[in-house]
Amino acid sequence: MTIENTLSIIKPDATKRNITGSINAKFEDSGLNIIAQKRLQLTKGMAKKFYEVHKDRPFFNNLVDFMISGPVIAQVLRGENAVKLNRDIMGATNPKEAEKGTIRNEFAESIEANSVHGSDSLENAKSEIAFFFAEIELVY
């Protein structure tokens, strides 16, 4: 059994529609524990730094603008194989391709406004968690 931590961000489209509880229920019902959580408004600088890996992609500026358009919920999820499990719970980036019952299938408005972000690897999860949280904020 591999217990992992992964980062989850509930994006502005979801916080605006007040569906954060419904999204978190999906995580918790699937066996993930929320061990840290904060609501914050990203600045343009924060969003650019966080999504820096995409800086040369055509969607980068739109992504940054979207992520600063309203508050987000940054959180750390913990559980067995948390990175993969979170990715499975979220569903495909494009909600039209997301499996029935996934967050993006049920809640996403579009490929851009797809309600959630999740780390794509354990290595990225560690750096993404450190971007938002100090170790003392992770409550196991």
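Residues numbered from 1 in each chain as written. Predicted model: local features only at pLDDT ≥ 70, side-chain atom pairs only at ≥ 80, totals over all residues. Heavy atoms only, no water.

Inspection of every chain in the model, using the stated rule, returns 4 aromatic pairs. Here Phe-50 and Phe-132 contribute two aromatic rings whose centre-to-centre distance is 5.3 Å and whose plane-to-plane angle is 55°, an arrangement assigned as tilted. Taken together, the residues span a long stretch of sequence, with Phe-50 in helix α3 (residues 44–50) and Phe-132 in helix α7 (residues 122–132) at a distance of 82 residues. Residues Phe-50 and Phe-132 agree in their burial class; the two are buried. On the numbers, 4.9 Å between centres and 75° between planes, the contact of Phe-131 with Phe-132 is edge-to-face. Among the aromatic residues, ring-to-ring pairing joins Phe-50, Tyr-51, Phe-131 and Phe-132 into one connected group. (Phe/Tyr/Trp six-rings, centres within 6.5 Å; stacked < 30°, edge-to-face > 60°. Helix = DSSP H or I, 4+ residues; strand = E, 2+ residues; numbered from the N terminus. Buried < 20%, exposed > 50% of the residue type's maximum accessible area, 1.4 Å probe, protein only.)

Moving on, we come to the side chain of Asn-114. The topology assignment puts Asn-114 in the loop between α6 (103–107) and β4 (116–118). Overall, the relative accessible area of 2% leaves Asn-114 in the buried class.

So, about the environment of Glu-112. Mapped onto the fold, Glu-112 is located in the loop between α6 and β4. Each C-alpha atom of the pair Glu-112 and Phe-59 lies 9.2 Å from the other, and the pair is 53 residues apart in sequence. With sequence-adjacent residues up to four places away left out, Glu-112 is seen in contact with Lys-11 and Phe-66. (Contact = heavy atoms within 4.5 Å.)

A separate point is the sheet that holds strand β3 (residues 72–80). Remark on secondary structure: sheet strands pair via backbone hydrogen bonds, oriented parallel or antiparallel. In space, the 4 strands of this open sheet follow the order β2-β3-β1-β4, with antiparallel pairing throughout. Two strands lie at the open edges of the sheet, namely β2 (33–40) and β4, each paired on one side alone. Neighbour to neighbour, the strand axes of the sheet diverge by 20° on average, direction disregarded. Bridge count between strand β1 (residues 3–10) and β3: 8 bridges; the pairing is antiparallel. (Pairing = 2+ DSSP bridges. Axes fitted to C-alpha atoms, helices over the stretch in contact; angles between N-to-C directions.)

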